[in-house]
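Summary of the model geometry
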Amino acid sequence: MSISIPALMGQLLIGLINGSFYALLSLGLAVIFGLLNIINFTHGAQYMVGAFVAWFLLHQLGLGYWWALLLVPIVLAAVGILIERLMLKHLYKLDHLYGLLLTFGLALILEGAFTHRFGSAGLPYSIPERLSGGYNLGFMFLPTYRAWVIVASLAICLGTWFMIERTRLGSYLRAATENPSMVQAFGINVPRMVTLTYGFGVGLAGLAGVFAAPIYQVSPQMGSSLIIVVFAVVVIGGMGSIMGSILTGFGLGIIEGLTKYFYPEASTTVIFVIMAIVLMVRPQGLFGQR
Amino acid sequence: MATDAKPGSTDEAAHPLASRDELREARYHRNGFILLFAILVVAPAVVYPLFLMQALCFALFACAFNLLLGFGGLLSFGHAMFLGMAGYVSAYAAKTWGLTPELAILAGTATATALGVVSGLIAIRRQGIYFAMITLALAQMVYFFCLQAPFTGGEDGIQTGPRGKLLGLLPLNGLAMYYTVFVIFALGFFLIHRVIHSPFGQVLKAIRDNEARAVSLGYRTERYKLAAFIMSAALSGLAGATKAIVFQQASLTDVHWTMSGEVVLMTLVGGLGTVFGPVVGAFVLVAMESYLSELGSWFTVAEGVIFVACVLAFRRGIVGELEAWLRRRRHKR
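Note that the coordinates shown come from a computational prediction; the quantities given were computed from them, not determined experimentally.

**Things to note about the overall build of chain B**
Across its full length, chain B carries 14 helices and four strands. Taking the principal axes of the C-alpha coordinates as reference, chain B spans close to 55 × 45 × 40 Å. Going through the 333 residues of chain B one by one, you find that 50% of them count as buried. The contacts of chain B with a sequence gap of at least 6 include a subset with a gap of at least 24, amounting to 79%.

Rendered as structure tokens:
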């Protein structure tokens, strides 16, 4: 079998891009799960809303991509905080499954409402001028925007990792994950930390939506298919470690890209197959603890 | 933040029942059965039979789902794979192999059972929230398989011709089809009722309420959970295969993740862990769907709102609230 380098590199690049989104979203899920014990099913819808807010800022208010990068996470975090205060906080005493069901309902509401308003067809969002064009690397063409997304999401992932694993705030967070009432006894306002953590996770999803807007079409369905893959990524990695989520996200993106090149029929299912294998061999996930 | 309130566990599960209460419960179930079946026998005289058949297929689907969640405490977010896959196989068997309806339904059910064995062995390795995510991912894999596999007809699905003759004798038109569906539903419903009240069902409930204790009592909980999963998959398949024969088609809608969400909603609305709840929930949702179908995507929003309302304020569901009300009234007397 002869290997065409530009085509292979092209698929690898797509894989890396998808991997950036897997990493960003599974990171947000893991952070939320750590403290709230809730799997945020709305994550995909919140990512979709992020892309729509970016589109709205550009087309209704004339605020471009860079403004969107700043404003969308703030808007989404505010929405997240509202959701946590109004609904999620009533569920902490119940079985975890109710959190999943509630956020699933919220996802349906968001997706239905946006489909009603914007239809199923995607809306275009143009690449900002500073990031258009690309580099010719000799063996392949690298569009600037895609390079930017990979570098930026890697930076955000590592920044989040640093914040949680290496700062004082992060140590409170990790302590509260282990034993919230003990941390509360030390005079730290745990409920507020829980609220802000959810806001942060949702903000991350919104940011991923802004990154995605120029690459994929902005459409109401963009979140739901992605979130199911991200769930599989989370199961493969295990939600125990932040770095684990990042590595699994990027790694699986690359594997998916390679599959698209070597055996395209399996590219949509390869991550699920890997999930099944990992569950048989190491049920707690690659980076999870029992 | 971990907790004790498992979904579906009622006050009864917390306090062991006196035998008088057990008798009363048996009487309540018997009266419920008689009422339900009496309504279903005369219903086609009043209500459009196609609507009833759709509702009965979904009712069986929801009961099968409830067996797993309400009594086993396992939330599967991928039950559409059993419904949809069985539908495809039974439609294909009826159309291409020319099998009679009952054999086509059996073929579909057998396929769903096999799928249940494989996916159960994988999913049962994790619990709680992971179990939900794994079943969802496995179902998505089945969805992509159905989208690409040559025999499913991709986006178009399979359109079968006439329904054929039951056992090669009885043509399944109008009321004959309705009463066939009714019998299939009744058999499935009775089977689930028997399972729930068997020693097996008692162990299952014990595992739902406290798995560690069940393990310490010597039960191999994995096996019980797997058996419940396979049974639930098989009965979901029976519902899907029957539905494909009734509507003479199988399509991607039935394997899509939204269908998995819908069966959760039916069970939740009707009452998690109650015997009659899923039936009521299925009828409510199917009625809603047929009346609100022109609303398009607002229907999705409505479903979402009901989900949120059920989780926040109405966790016992319609039948669960009714039972709680009856209990309160009895204690007052």
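From this point, things continue past the structure.
**What to know about the environment of Gly15(A)**
All names here are of chain A. Inspection of the secondary structure assignment puts Gly15 in helix α1 (residues 5-36). Each C-alpha atom, one on Gly15 and one on Gly253, is 4.5 Å from the other, the two residues being 238 residues apart in sequence. Residues in contact with Gly15, not counting those within four places in the same chain, are Gly253, Ile254, Glu256, Gly257 and Leu258.

**Looking at the interface of chain A and chain B**
Taken together, the contacts link 39 residues of chain A with 39 residues of chain B. Looking at the side of chain A that touches chain B element by element, the count peaks at 16 residues for helix α4 (residues 96-118) of chain A. Looking at the side of chain A that touches chain B residue by residue, the classes come out as 26 nonpolar, nine polar and four charged.

**Let's talk about the nonpolar core**
For soluble globular proteins, nonpolar side chains are generally found buried alongside one another. By size, the foremost hydrophobic cluster in this structure holds 197 residues, and its most contacted members are Met275(A), Ala59(B), Leu60(B), Met133(B) and Ala137(B). A per-element tally of this core places helix α3 (residues 49-69) of chain B first, with 16 residues. Excluding residues that lie within four positions of it along the chain, Ala59(B) makes contacts with Phe185(B), Pro278(B), Val279(B), Ala282(B) and Phe283(B).

**As for the confidence of the model for chain B**
All names here are of chain B. Averaged over all residues, the pLDDT of chain B is 88; the fraction at 70 or higher stands at 94%. The low-confidence segment residues 1-6 (pLDDT under 50) makes 12 contacts with residues lying over four places distant or belonging to another chain. Within the model, pLDDT remains below 50 along residues 8-17, and this stretch shows 16 contacts once partners closer than five positions in the same chain are excluded. Overall fold confidence for the complex sits at a pTM of 0.90, while the interface term, ipTM, reaches 0.89.

**Re the packing of α3(B) against helix α7 (residues 174-196) of chain B**
Residue and element names in this part refer to chain B. Where α3 contacts α7, the axes come no closer than 10 Å and their chain directions differ by 15°. With respect to α7, the axis of α3 lies roughly parallel. At the point where α3 passes α7, the crossing takes the left-handed sense. Of the residues in α7, those touching α3 at Pro49, Leu52, Met53, Leu56, Cys57, Ala59, Leu60, Cys63 and Leu67 are Gly174, Leu175, Met177, Tyr178, Val181, Phe182, Phe185, Gly188, Phe189, Ile192 and Val195. Class assignment for the residues of the contact of α3 with α7 results in 18 nonpolar, two polar and no charged.

What counts as what
Residues numbered from 1 in each chain as written. Chains lettered and ligands numbered in written order. Predicted model: local features only at pLDDT ≥ 70, side-chain atom pairs only at ≥ 80, totals over all residues. Helix = DSSP H or I, 4+ residues; strand = E, 2+ residues; numbered from the N terminus. Buried ≥ 20, exposed ≤ 12 C-beta atoms within 10 Å, placed from the backbone. Contact = placed C-beta atoms within 7 Å. Nonpolar A, V, L, I, M, F, W, Y, C, P; charged D, E, K, R; others polar. Core = buried A, V, L, I, M, F, W, Y, C linked by C-beta atoms within 7 Å. pLDDT = per-residue confidence, 0-100. Axes fitted to C-alpha atoms, helices over the stretch in contact; angles between N-to-C directions. Parallel < 35°, antiparallel > 145°, perpendicular 65-115°, else oblique. Left-handed = near helix turned anticlockwise from the far one by under 90°.

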